[in-house]
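# Fold and contact review
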Amino acid sequence: MTRSALHELSKLLASSERTVEGSMSKAKPSKERRAVQLTLSRVTRSSSAQARQGDPPVPKDASAGPQMAPNQGAQRGRQADSGLAQDLSLMSMSEQEAILPRHRSPPGMKSSRSPPRLASKTVRATVPRGTLNSVARLLTLGRCRNVLVVAGAGISTASGIPDFRTPGTGLYANLQRYNTPFPEAIFNIDYFSNDPRPFFSLAKELYPGRHRPNYVHYFIRMLHQKGLLLRMYTQNIDGLEQMCGIPEEKLVEAHGSFASASCHLCYTPFPAEEAKKFIMTDRVPVCTFCQGTVKPDIVFFGEDLPQSYFQHTKDFPKADLLIIMGTSLQIEPFASLVNTVRSTVPRLLLNRDPVGPFQRVPLRRGDYMELGDLLDSVRKLAQILGWHQDICDLIQDEEQKVALSLQAAGVSLWRR
């Protein structure tokens, strides 16, 4: 190839390279633009996908503020709802109506559950005026015909007998003179077996005959006379329930009584009156069979409950009203009886303080509670029922009978 031909060939190749470089330089911005467009499309699509999944992308830039955990927003929402509920619980009905939004169903759609009406004159008119009124209405309408009564020492305080746990005046607060290691020891069977004298000293004050039944006892008897009392379960050992006229078949003395006596070791029966004479003269009655100490048939801590107690397995499922009065509900298994009625059965607590399941807030549906002086509460309930005068007449008749019988025996009525 000649020199001139080689020179033309080199010019041609140089021209081709410039053409290729020019075309590449023109194509590069187009690719970059497409790359930017593709990048923007990916962000958009990713955001759409996350939006459909429910969580937006979390910004990593510190300038965007503190980052939140994936479900922190939901937790804050729940906290806000809880705070709103607490605020509403402190508001009156009118204040709640003002702050709560009105819920409306979309046009053409019928709501399956209407929002609660917070206040209306119609609803107020049908609400019973109080706890005692509500229970009295159930009795008056005949909705409750199998009434169970569960009672403790509080029903006898109006008769002059102290209860056990009231600070300052209760029995357990005034046992220092008996020198027991702890208050309940005086009713502990192991402690009694070792030294029966503290209990016998106390028993002289507890023996029936020194006190008379009060208005509360006669209210329970009136339940019986009206045909409403299914049974009364009492923790008391004072015998005032039978003294006021409640039939033995309607009464379960879950912790025994002074009406009988037996050996605390071999359970051989012992004449109750003879045991009383021993105790009243500061002597210890002894079993003629095993030489064990005899005591009244009061159930001590550590002893079995009487057989009659187990009637509760039939009584409590049958009850349609449970009245609990004058008890701390601290002694088992008696305390658990109140939880064995059916869940639909109304329960009324008449007591100084809330106890057992009535310490729950809010109360179980169907639970009623009237706190304060028991005698006042029972008298109010009797007045609402229209029984007050009948009970007063009953008390007067019974006291006259007692006075006449004592006069016939040449004994004056004392400590009434």
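Residues numbered from 1 in each chain as written. Predicted model: local features only at pLDDT ≥ 70, side-chain atom pairs only at ≥ 80, totals over all residues. Heavy atoms only, no water.

Position of Cys263 among the secondary structure elements: in strand S4 (residues 256–263). On the accessibility criterion, Cys263 (1% relative accessible area) is buried. Once residues lying within four places of it in the same chain are set aside, the contact partners of Cys263 are Thr268, Cys287, Cys290, Gly292, Thr293 and Val294. (Helix = DSSP H or I, 4+ residues; strand = E, 2+ residues; numbered from the N terminus. Buried < 20%, exposed > 50% of the residue type's maximum accessible area, 1.4 Å probe, protein only. Contact = heavy atoms within 4.5 Å.)

A few words now on the sheet that holds strand S3 (residues 251–253). Sheet architecture is open: six strands sit in the order S3-S2-S1-S7-S8-S9, paired in parallel fashion. Unpaired on one side and paired on the other, S3 and strand S9 (367–371) mark the two borders of the sheet. Shown here is a sheet whose adjacent strand axes are inclined to one another by a mean of 15°, direction ignored. Pairing of strand S8 (residues 347–351) with S9 involves five bridges; the strand directions are parallel. For Arg347, the partnering residue across the bridge sits in S9 and is Asp367. Packing against the sheet, helix H5 (residues 131–140) makes contact with strand S1 (147–151), strand S7 (321–325), S8 and S9, and its axis sits at approximately 130° to S9. (Pairing = 2+ DSSP bridges. Axes fitted to C-alpha atoms, helices over the stretch in contact; angles between N-to-C directions.)

With that out of the way, let us pick up the pattern of salt bridges. Taken as a whole and judged by the stated rule, the model has twelve salt bridges. One salt bridge connects Arg197 with Asp195, and the closest N-O pair in it is separated by 3.0 Å. Since its relative accessible area comes to 18%, Asp195 is described here as buried. With a closest N to O distance of 3.5 Å, Asp376 and Arg379 form a salt bridge. Of this pair, Asp376 and Arg379 both sit in helix H12 (residues 374–385), separated by three residues, roughly a single helical turn. We classify Asp376 as partly exposed; its relative accessible area is 38%. When salt bridges that share partners are traced, they join Arg221, Glu398 and Lys401 into one network. (Salt bridge = Lys/Arg side-chain N within 4 Å of Asp/Glu carboxyl O.)

Quick look at the layout of surface pockets now. Taken as a whole, the second largest pocket encloses approximately 490 Å³ of empty space. Every residue lining the second largest pocket is counted, 22 residues in all, and those nearest its centre are Gly256, Ser260, Asp297, Val299 and Pro306. Going through the elements one at a time, S3, S4 and strand S6 (294–298) are the ones with two or more residues in the lining of the second largest pocket. Of all the elements, S4 adds the most residues to the lining of the second largest pocket, at six residues. Here the lining of the second largest pocket is built from residues that sort into nine nonpolar, seven polar and six charged. (1 Å grid on protein atoms, 1.4 Å probe; cavity = no way out; pocket = protein on both sides within 12 Å on 5 of 7 lines; lining within 4 Å. Points joined across faces, edges and corners; volume = space filled by probe spheres on them. Nonpolar A, V, L, I, M, F, W, Y, C, P; charged D, E, K, R; others polar.)

Coordinates in, geometry out; function isn't part of it.
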